[in-house]
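Letter by letter, the chains look like this.
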Protein chains: 2
Amino acid sequence: MSVPRLYLAGPDVFAPDAIAIGRQKQAICVELGAIGLFPLDNAPPPEGLSRHDLARHIYRDNIDLMRGADGCVANLSPFRGPNADDGTAFEVGWMIAAGKPVFGHVDDPRALAERSAMPGGLDAQGRPVDADGWWVEDFGWPVNLMLVAGIERSGGQVMVQASGAPRLDAFRQAVTAAVRCCAG
Amino acid sequence: MSVPRLYLAGPDVFAPDAIAIGRQKQAICVELGAIGLFPLDNAPPPEGLSRHDLARHIYRDNIDLMRGADGCVANLSPFRGPNADDGTAFEVGWMIAAGKPVFGHVDDPRALAERSAMPGGLDAQGRPVDADGWWVEDFGWPVNLMLVAGIERSGGQVMVQASGAPRLDAFRQAVTAAVRCCAG
C-alpha cells in the first residue's frame, strides 16, 4: 500500500506565514500517513519572466502537482468575503473532473446562508438575500453547493472546524478521511 | 457545421432578475450563432426533496448541462468581494479538466490587485497586500491566475468590460470568440 499524495489547495499561499503553514500542514500529513503537496514547494520559476509568463508558469506547476496527486485536501474557508477562494474552487473542480477524490475543510462553523445573508432579508419568494437583494443559496451547507455536492460525489467530504477546536482540527480530519479513501 | 452549445456559468442565477438575465444572454447567443445553456433552464426538481438532496439534484443537473456543452462562457465578475464566484470557478476548473474551451467575461475593468490590495499596503518583500496583510497576486490580470491561465490554455480568453461600454459587451465578445473557437 503506497502512501497517498494529497494536493493541499487553499488561499494559505497568500498568508503572511504561508511557508510555515505549508510546513505545518505537511507535518500533519506525514503524521497521518500521507504526503502533502504544497504549491509553494514548486521549484522557483526561472528569472526574467514577464508578469504574465510568471503567472502561466505557476499555473503549469500547480497543474503538474495536481496531476501527480492521488487526491486533494482543500481549504474552503471564507476568503475576502463569505465565499471560498476562487483559485481553490477552480482546483477543486479540476480535480473532480479528473476523477480524484477531494476533501474540504472550512474554518468558519456557520452555514453559508448564515454568513452571507442580510439578517432578516428575504426576497418575494421568501428566500434569504444579501445586502444587494441577491439570493443566498440556503441548503444548510458551509459553502456553495457545487463544491459540497461535487466533493461528496468524488468520494470526499467537507469537514467544518468546530468552535473552540484546536487550530487545523478540520484539516486534520480531512487528511484522515483522505488517507482512508486514497489508501483503501 | 453544427451550432456550438455554450454553458453559461456565473452568479447570475442568484440575481433578483436571474431569469431575465438568462433570457437576454441566450438571445445574444442565438444572434451570434450559438445555443446558450443556462442552469435555470433545467426542469424543476421533484417535489419533497430534503434541502441537501435538492442541492445534490441541482449539482447533477448542472454537471449534465456541462457534459453536453461544447464550451463555457463564464461570468467572472467580482461577487460578494473582490473575487469571482466560487461556484463559477469550480465549473471553470471542471470544464477545463474535461478538455473544453472556456471564455470569461468580467464586469470590473480593474486588475485584481487594484481591486483587492490595500492602497499603499506592501509586505516585507514589497508585494501588495490586503487589509489583513495577506498577499494579493499582482500579475496584471482581472482575476486569479488559475482562472486566467487555465482559460488561456483551454483555448479561451477573458474579456473585460470597458468602462462606458454597453451592458453585456464583454459577454458578447466572449460568445463571439467562443463561437469562432467551437465552430472552427
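Scroll up to find the structure this text is about.
Numbering of residues begins from 1 in every chain and follows the order in which that chain's sequence is written. Lettering of chains starts at A and numbering of ligands starts at 1, both following the order in which they are written. This being a predicted model, a pLDDT of at least 70 is required before a residue's local features are given, and a value of 80 or more before pairs of side-chain atoms are given or counted; all residues contribute to the totals for chains, interfaces and linings. To obtain the side-chain values, all non-hydrogen atoms of the structure were included, while hydrogens and water were left out.

K.L.:
Kindly report on the sheet that holds strand 4 (residues 102-106) of chain A, identifying the contributing residues and their values.
P.N.:
Residues and elements named next belong to chain A. Overall, parallel pairing links the five strands, which are arranged 2-1-3-4-5 in an open sheet. Whereas interior strands pair on both sides, the edge strands pair on one side only; in this sheet they are strand 2 (35-37) and strand 5 (158-160). Averaged over all pairs of adjacent strands, the angle between their axes in this sheet comes to 25 degrees, without regard to strand direction. Whether two strands pair depends on DSSP finding at least two bridges between them. Secondary structure elements are defined from DSSP: runs of H or I of at least 4 residues count as helices, runs of E of at least 2 residues count as strands, and each element is numbered from the N terminus. Axis definition: a line fitted to C-alpha atoms, over the contacting stretch in the case of helices. Angles run 0 to 180 degrees between N-to-C directions.

K.L.:
Outline the nonpolar core, listing residues and values.
P.N.:
We define a nonpolar core as any set of buried Ala, Val, Leu, Ile, Met, Phe, Trp, Tyr and Cys residues linked to one another through side-chain atoms lying within 4.5 Å. Only protein chains enter the accessibility calculation, which uses a 1.4 Å probe. A residue is then buried if its area is under 20% of the maximum for its type, exposed if over 50%, and partly exposed in between. By size, the foremost hydrophobic cluster in this structure holds 104 residues, and its most contacted members are V73(A), F90(A), V92(A), V73(B), F90(B) and V92(B). Sequence-distant contacts of V92(A), defined by excluding residues within four places in its chain, comprise A74(A), L76(A), V102(A), L147(A), I151(A) and F90(B). Here, two residues are considered to be in contact whenever any of their heavy atoms come within 4.5 Å of each other.

K.L.:
Talk me through the packing of helix 2 (residues 51-67) of chain B against helix 3 (residues 86-97) of chain B; I want residue IDs and the actual numbers.
P.N.:
All names here are of chain B. At a closest axis distance of 11 Å, the pairing of helix 2 and helix 3 adopts a crossing angle of 40 degrees. With respect to their mutual orientation, helix 2 and helix 3 come out oblique. In this structure, helix 2 crosses over helix 3, and the sense of that crossing is right-handed. Between helix 2 and helix 3, the residues in contact are Y59, N62, I63, M66 and R67 and F90, E91, W94 and M95, respectively. Residues are grouped as follows: Ala, Val, Leu, Ile, Met, Phe, Trp, Tyr, Cys and Pro are nonpolar; Asp, Glu, Lys and Arg are charged; all remaining types, including Gly, are polar. In terms of residue class, the contact of helix 2 with helix 3 is built from six nonpolar, one polar and two charged. Angular relationships are summarised with four words: roughly parallel below 35 degrees, roughly antiparallel beyond 145, roughly perpendicular across 65 to 115, and oblique for the angles in between. Handedness of a crossing follows from how the near helix is turned relative to the far one, being left-handed for an anticlockwise turn of less than a right angle and right-handed for a clockwise one.

K.L.:
Which residues make up the environment of E47(B), and what values go with them?
P.N.:
By secondary structure assignment, the location of E47(B) is in the loop between strand 2 (35-37) and helix 2. Separated by 41 residues in the primary sequence, E47(B) and L6(B) place their C-alpha atoms 29 Å from one another.

K.L.:
Tell me about the pattern of salt bridges, residues and numbers included.
P.N.:
Salt bridge, as applied in this entry: a Lys or Arg side-chain nitrogen positioned within 4 Å of an Asp or Glu carboxyl oxygen. Under the counting rule described, the total for this entry stands at 20 salt bridges over all chains. Linking R23(A) and D41(A) is a salt bridge whose minimum nitrogen-to-oxygen distance equals 3.4 Å. One end of the pair, R23(A), is in helix 1 (residues 18-32); the other, D41(A), is in the loop between strand 2 and helix 2 (51-67), and 18 residues separate them in sequence. In this structure D41(A) comes out as partly exposed when scored by relative accessible area, which is 39%. Note that E31(B) and R172(B) form a salt bridge whose closest N and O atoms lie 2.7 Å from each other. Taken together, the positions of E31(B) in helix 1 (residues 18-32) and R172(B) in helix 6 (residues 169-183) put the pair 141 residues apart, joining distant regions of the chain. Looking at E31(B), the relative accessible area reads 52%, which means it is exposed. Here the residues in one salt-bridge network are D53(A), R56(A) and E152(B), joined through shared partners.

Remember, this is a structural readout, not a statement about activity or role.
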